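Residue-level structural notes
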Amino acid sequence: MTQRFTTSASSAYNFYFGNLHAHSSYSDGNKDSTSFTPANDYAYAKNSLGMDFLGISEHNHSGAGMSKSNWPLGIAQANAATNSSFVALYGQEWGVISNGGHVLVYGIDSLIGWETNNYQIYVAQSDYISSTGLFRRLNINGNAFASYAHPSSTDYNNIAGIGFSATVDSAVVGCAVESGPAFSTSTTYNDYPSSMAFLSYYTKMLSKGYHLGPLMDHDTHYTNFGRANENRLVVLAPSLTKANLIAAMKARRFYATEDIDTRVTFTLNNQVMGSINSGNSAPTISISVNDPTAPAGATKSIKLMYGVPGSGVSPTTLSSNSSSNTLNYTHTGLTTGSTCYYYADITINGKRTITAPIWYTKTNVVSTPSITVGTLTSFGTQQVGTTSTEKTYTVSGLSLQNNLTISAPTGFQISTTSGSGFSNSLTLVPSSGTVNSTTIYVRFSPTVNKIYSGNIVHISTNAVSQNVAVNGTAYTTATSCNSYIWNGITYTTSGDKTFTTTINGVDSTALIMILGGVVFVFIEKLFKEHTINE
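Residues numbered from 1 in each chain as written. Predicted model: local features only at pLDDT ≥ 70, side-chain atom pairs only at ≥ 80, totals over all residues. Heavy atoms only, no water.

Quick word on the sheet that holds strand β16 (residues 284-290)
Spatial strand order, β14-β13-β16-β19: four strands in an open sheet with antiparallel pairing. Only two strands of the sheet have a single partner each, and these edge strands are β14 (271-272) and β19 (326-330). (Pairing = 2+ DSSP bridges. Helix = DSSP H or I, 4+ residues; strand = E, 2+ residues; numbered from the N terminus.)

Some points on the pattern of salt bridges
According to the stated counting rule, one finds three salt bridges in the structure shown. Close ionic contact of Glu230 with Lys351 constitutes a salt bridge, the shortest N to O distance being 2.5 Å. One end of the pair, Glu230, is in the loop between β10 (213-217) and β11 (232-237); the other, Lys351, is in strand β21 (residues 351-355), and 121 residues separate them in sequence. Assessed through its relative accessible area of 19%, Glu230 is described here as buried. A salt bridge links Asp259 to Lys351, with the shortest nitrogen-to-oxygen separation between them at 3.9 Å. Taken as a pair, Asp259 in the loop between β12 (254-257) and β13 (263-268) and Lys351 in strand β21 lie far apart in primary sequence, 92 residues in all. Connected via shared salt-bridge partners are Glu230, Asp259 and Lys351. (Salt bridge = Lys/Arg side-chain N within 4 Å of Asp/Glu carboxyl O. Buried < 20%, exposed > 50% of the residue type's maximum accessible area, 1.4 Å probe, protein only.)

A look at the environment of Gly380
One can find Gly380 in the loop between β23 (370-373) and β24 (381-383). Residue Gly380 is classed as partly exposed on the basis of its relative accessible area, which comes to 28%. Taking C-alpha positions, Gly380 is 8.5 Å from Ala474, a pair spaced 94 residues apart along the chain. Apart from residues lying up to four places away in sequence, Gly380 is in contact with Phe444, Asn471, Gly472 and Thr473. (Contact = heavy atoms within 4.5 Å.)

Examining the sheet that holds strand β29 (residues 435-444)
Strands sit in the order β23-β25-β29-β27 across an open sheet of four strands; the sheet is antiparallel. Every other strand in the sheet has two partners, leaving β23 and β27 (412-415) as the edge strands with one partner each. Neighbour to neighbour, the strand axes of the sheet diverge by 25° on average, direction disregarded. For β27 and β29, the ladder comprises four bridges, and the chain directions are antiparallel. Bridge pairing in β29 links Gln413 to Arg443. (Axes fitted to C-alpha atoms, helices over the stretch in contact; angles between N-to-C directions.)

A word on empty space enclosed by the protein
Applying the stated criterion to the full structure yields two cavities of 30 Å³ or more. One number sums up the size of the largest cavity: a volume of about 80 Å³. Contributing elements (two or more residues each) for the lining of the largest cavity: α2 (71-81), β4 (87-94) and α7 (242-250). Looking at the lining of the largest cavity residue by residue, the classes come out as seven nonpolar, two polar and two charged. Empty space within the second largest cavity amounts to approximately 50 Å³. Lining the second largest cavity are Gly180, Pro181, Ala182, Ser184, His218, Thr220, His221, Asn224, Ala228 and Asn229. (1 Å grid on protein atoms, 1.4 Å probe; cavity = no way out; pocket = protein on both sides within 12 Å on 5 of 7 lines; lining within 4 Å. Points joined across faces, edges and corners; volume = space filled by probe spheres on them. Nonpolar A, V, L, I, M, F, W, Y, C, P; charged D, E, K, R; others polar.)

What about α2?
Those residues of α2 not exposed but buried are Trp71, Gly74, Ile75, Gln77, Ala78 and Ala81. Looking down the long axis of α2, one finds its buried residues gathered within 165° of arc, a one-sided arrangement. Its buried side turned inward, α2 meets α1 (38-46) and β4. (Arc of directions from axis to C-beta.)

Section: the confidence of the model for the chain
Of all residues in the chain, 87% attain a pLDDT of 70 or more, and the chain-wide mean is 90. Predicted confidence for residues 500-508 stays below pLDDT 50, and this span has 19 contacts to residues more than four positions away or in other chains. The low-confidence segment residues 523-534 (pLDDT under 50) makes 32 contacts with residues lying over four places distant or belonging to another chain. (pLDDT = per-residue confidence, 0-100.)

Some remarks on helix α6 (residues 199-207)
Here α6 lies mainly inside the structure; seven of its nine residues are buried. Turning to α6, its buried residues number three or more, namely Leu199, Tyr201, Tyr202, Thr203, Met205, Leu206 and Ser207. Following α6 by one or two positions, Gly209 adopts a phi angle in the positive range, close to 110°.

Focus: the pairing of β12
The alternating pattern of β12 places Phe254 and Ala256 on one face and Tyr255 and Thr257 on the opposite face, and all of these are buried. One ladder, built from four bridges, connects β11 with β12; its direction is antiparallel. When the sheet's bridge partners are listed, Val234 is paired in β12 with Tyr255. Of the pairings in the sheet, the one linking β12 to β21 comprises three bridges and is antiparallel in character. Within the sheet, the bridge partner assigned to Ala256 lies in β21 and is Ile354.

Comments concerning unusual backbone geometry
With the exception of glycine, the majority of residues adopt a negative phi angle, and the majority of peptide bonds are in the trans configuration. In the segment running from Gly180 into Pro181, the intervening peptide bond is cis, with an omega of -5°. Within the secondary structure, Pro181 sits in the loop between β9 (172-179) and α6. Positive phi, close to 65°, is recorded for Ser126, a residue that is not glycine. Structurally, Ser126 can be placed in the loop between β7 (121-122) and α3 (134-140). According to the relative accessible area criterion, Ser126 is buried, its value standing at 11%. Although it is not a glycine, His150 sits at a positive phi angle of roughly 30°. Looking at the secondary structure, you find His150 in the loop between β8 (145-149) and α4 (155-158).

A few points about the packing of α1 against α2
Closest axis-to-axis distance for the α1/α2 pair is 9 Å, and the angle between their directions is 30°. With respect to α2, the axis of α1 lies roughly parallel. Crossing angle aside, the handedness with which α1 passes α2 is right-handed. Packed against α1, whose contacting residues are Pro38, Ala39, Tyr42 and Lys46, the element α2 presents Gly74, Gln77, Ala78 and Ala81 at the interface. Across the contact of α1 with α2, the residue classes break down as five nonpolar, two polar and one charged. (Parallel < 35°, antiparallel > 145°, perpendicular 65-115°, else oblique. Left-handed = near helix turned anticlockwise from the far one by under 90°.)

A closer look at the side chain of Asp155
The topology assignment puts Asp155 in helix α4. Polar side-chain contacts of Asp155 include one of 2.9 Å to the backbone nitrogen of Ser152. (Polar contact = N/O pair within 3.5 Å; in protein donor to acceptor, adjacent residues only side chain to side chain.)

Section: the pairing of strand β25 (residues 391-398)
Consecutive residues of a regular strand have side chains that alternate between opposite faces of the sheet. In terms of strand pairing, β23 meets β25 through four bridges, oriented antiparallel. What sits directly across from Thr372, in β25, is Ser396.

Below, the structure written as structure tokens:
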């Protein structure tokens, strides 16, 4: 009964059909075949329709027939019955009906009980939620999980009537939404229990904030494993192994169906059912259902249900479709900071399917910090010891996570105020991550005779730094003169002259001006061989 599907967030999953609630003669099962053992029951189930796995959950106490000596026998028979096409699991139904409630327990190979000499791990009768109770004990074993069997409103120390418990949430992965008939003897697949009799308990627990998936339990007590009706628990796993089934159950990757071969794919932002996710986009939900044996033209209904965990409010219908086998929906109304759970409620040809939910929290949009800057033109020439007129550019920042720091290279000063406050660095403080467009004033104050160039650097945490190039040329004045000597030649002509020469293997360029009896020299490499006539 397998069929493969994939999501972009996972490897391929197959659909595996079966049941986790049944009993053998080692407790109070096989009422019509008391000589049968779990080995016989697994062999029977292998030949039933739509049974890829069977879990036998023996009552854990002698009042229902369980003896500690039979426990390891059941474990061994389950292991022996498992092969590549069938998985046999052996667990326990813990607790009593009259003062407690029944819990299915799997993933731990020890009998948990309270009767003298009839347990391997002790937990007091009807103690579910204390510091030494069942659920805390299951959490110690990382592989164990529990599910509620045919729950009543005050079961399990009245969990449904008290506040949310993280200990319980960690231990319990599911709740039966339909169970039985416990004492059916039918082998014709048509003896059904009351439809969805425990759905209201299940949705109440969801509304309290618990992370649970729905189970379809048979609670088999006669030798008709898988044949009383077509109800099935369907588990999504990459392959059929004991480890994969247990991992899928702990991840709530399963659904409950009243049909023997209905396959449902349910994803949110490409995450599969049972997952707990968050993101800054609206959740995009996709539901697809296939019932290969439904009659042509069978009526169908797909409902997308949603609720708010911890609200105490029952889930409601968000969207529906009765005209095709798919439903696609984007929940644009989910506000930032909100958490919802979503699940599919599907009916085809009168048979209902409930999927495990997907929980989703919409987070704030996380934007990359960014800095934007303008440009500057060259300051040109500036006499050493003086200050230029101001030039300006603008800077802004978005989604900044820290202050925006601006640093100027040597010879330049910056300020956010014209005429005052100039220094080599300054800091802009963002408001809610934003620095609005700000004018930066820049001036050139050379102290030595040279060409100044560099970058005004802008940095902020996790933002790409931005540079504004800046340059200027400094000069000094000589005493009054009307001639100068360059490379042995005397010049008396006023005006600009540019010379290039090679001295000591170094190319040097000089710009010389005689203006009003003053020689101005702008030189890249100045050598003592070059003199000025005064």
